[in-house]
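Single-letter residue listing:
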Amino acid sequence: MKWHEVSIHTKESNEEMLSGFLNTISKGVSIEHSLDILKKKIDNFDDKYRLDPTDYPESDIRIIVYFDETADISGKLQEIRDFIGSNPLDARDDINIITREIDEEDWENEWKKYFHSFRVSEEFVIVPSWELEDYEFREDDKLIKLDPGMAFGTGDHPTTSMCLKMVEATVKPHHKIIDVGTGSGILTIGAHLMGARDLKATDIDELSIKVARENFELNACVNDVVLETGDLLKSESGQYDIIIANILAHIIDEMIDDAYTRLNTDGSFIASGIITEARDGIVDHMTRAGFEIKEILEDSGWVSIHAVKG
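Residues numbered from 1 in each chain as written. Predicted model: local features only at pLDDT ≥ 70, side-chain atom pairs only at ≥ 80, totals over all residues. Heavy atoms only, no water.

(A) Structural view of the pairing of strand 10 (residues 225-229). Where strand 9 (residues 198-203) lies against strand 10, five bridges are found, and the strand directions are parallel. Each bridged residue has a counterpart across the sheet, and for D203 the counterpart in strand 10 is T229. Where the polypeptide runs from strand 9 across helix 8 (residues 206-218) and back to strand 10, its parallel neighbour, the crossover connection is right-handed. (Pairing = 2+ DSSP bridges. Helix = DSSP H or I, 4+ residues; strand = E, 2+ residues; numbered from the N terminus. Right-handed = clockwise from strand over helix to strand, strands pointing away.)

(B) Region of interest: the packing of aromatic side chains. Applying the stated criterion to the full structure yields three aromatic pairs. Judged by centre distance (4.1 Å) and plane angle (5°), the ring pair of F21 and F83 falls under stacked. With F21 in helix 1 (residues 15-25) and F83 in helix 4 (residues 73-85), the pair connects residues that are 62 residues apart, well separated along the chain. We classify F21 as buried; its relative accessible area is 15%. Aromatic pair F269 and F291: ring centres 5.8 Å apart, planes at 35°, arrangement tilted. (Phe/Tyr/Trp six-rings, centres within 6.5 Å; stacked < 30°, edge-to-face > 60°. Buried < 20%, exposed > 50% of the residue type's maximum accessible area, 1.4 Å probe, protein only.)

(C) Representation of the sheet that holds strand 7 (residues 142-146) within the structure. One open sheet accounts for three strands, arranged 5-6-7; its pairing is mixed. Edge positions in the open sheet fall to strand 5 (118-119) and strand 7, since each of these has one partner strand only. As defined by bridge partners, strand 6 (residues 124-128) adjoins strand 7 across five bridges and the pair is classed as parallel. By the bridge assignment, V127 is partnered in strand 7 with K145. Against the sheet, helix 7 (residues 186-193) engages strand 6 and strand 7, with an angle of about 150° to strand 7. (Contact = heavy atoms within 4.5 Å. Axes fitted to C-alpha atoms, helices over the stretch in contact; angles between N-to-C directions.)

(D) Quick peek at the sheet that holds strand 11 (residues 240-246). Reading across the sheet, the seven strands line up as 10-9-8-11-12-14-13 and stay open at both edges, with mixed pairing between neighbours. What marks the edges here is a single partner per strand, and that holds for strand 10 and strand 13 (291-299). Each neighbouring strand pair of the sheet contributes to a mean axis angle of 15°, computed without reference to strand direction. Strands in contact with helix 8 are strand 9 and strand 10; relative to strand 10, the strand with the most contacts, it is inclined by about 165°.

(E) Region of the structure containing helix 10 (residues 279-289). The complete set of buried residues in helix 10 reads I282, V283, H285, M286 and A289. All buried residues of helix 10 project into a common sector of 165° when viewed along the axis, lining one side. Lining the buried residues of helix 10 we find helix 9 (249-262), strand 12 (263-275), strand 13 and strand 14 (302-309). Immediately beyond the C-terminal end of helix 10, within one or two residues, lies G290, with a positive phi of roughly 115°. (Arc of directions from axis to C-beta.)

(F) Structural view of the pairing of strand 12. As paired strands, strand 11 and strand 12 are joined by six bridges and run parallel to one another. By the bridge assignment for strand 12, Y240 is matched with L263. Handedness of the β-α-β unit built from strand 11, helix 9 and strand 12 comes out right-handed. Looking at chain direction, strand 12 and strand 14 are connected through six bridges and run antiparallel. The partner of A271 across the bridge, within strand 14, is I305.

(G) Structural context of the side chain of T159. Counting through the fold element by element, T159 comes out in helix 6 (residues 158-170). Using a relative accessible area of 2% as the deciding quantity, one classes T159 as buried. When residues no more than four places from it in sequence are discounted, the contact partners of T159 are N246, S272, G273, W302 and S304.

(H) Local environment of the packing of helix 6 against helix 7. Relative orientation of the contacting elements helix 6 and helix 7 amounts to 20°, with a least axis distance of 10 Å. Accordingly, the angle class assigned to the pair helix 6 and helix 7 is roughly parallel. Here helix 6 runs over helix 7; the crossing is right-handed. Between helix 6 and helix 7, the contacting residues are T160, C163, L164 and V167 on the first element and I186, L187, G190 and A191 on the second. A class-by-class count of the residues in the contact of helix 6 with helix 7 yields six nonpolar, two polar and no charged. (Parallel < 35°, antiparallel > 145°, perpendicular 65-115°, else oblique. Left-handed = near helix turned anticlockwise from the far one by under 90°. Nonpolar A, V, L, I, M, F, W, Y, C, P; charged D, E, K, R; others polar.)

As structure tokens, this is what we get:
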């Protein structure tokens, strides 16, 4: 299969608005920061990373989104241009859009240029398979071995990293858990590392199901996970102790009432993928449904919410 790659070079201040929009018209985005930006964000950067500067934008950021060969790429590009033209983005006239067509094998190799091992929480460390032999970890580290493939969810995006922190703090071995919109399977893997064995992961996208299964096999948890194609919680009839959903705000909003129904008393709803502007509306809906808001995390314009069924 071939893929259309759309690369958007822009100011870092536009990251939240553009990435939020692009996630609504695609299966996910990747964001590459210039080395200058990375050095400002990561302590002891030069000691931790040995990166090739040619793999990164010279300045600001590059947002990359992929569409499969069946997509109307001309229509998608027009949607992107219309969004840029109608929203208050910084240095809007300097935003540069580049497209190219690549083979799936070449796309997968692109990840290896910028996806490297990193610590996402106190215990969780994300390690791509191609760095497993070289990674030096602490004895109590919980390694999430990951090949993201074409699915969204590498742990470096704030929505995923905040979810993993909540998983680390919430999941117990006896919990029955469903991960809705599992993507790469990263959150299910995190729950498994915390000792949970009654796990279900669903996604509406068949490609995500394929990638998740491969990552479950890589992390030796495939036998403890029921992996199914599913549309949110609409076909679920069982009860759960924890429901995890790292999707988008309007989809989270759509599933709040079903989440309350499908949770056991004192069960947790960990919801992420919510932009800051949508936070209050989501919190209000959760409260009306009967949830108690346990914790809200915010990072780079994104919000994750831990709500508990009373």
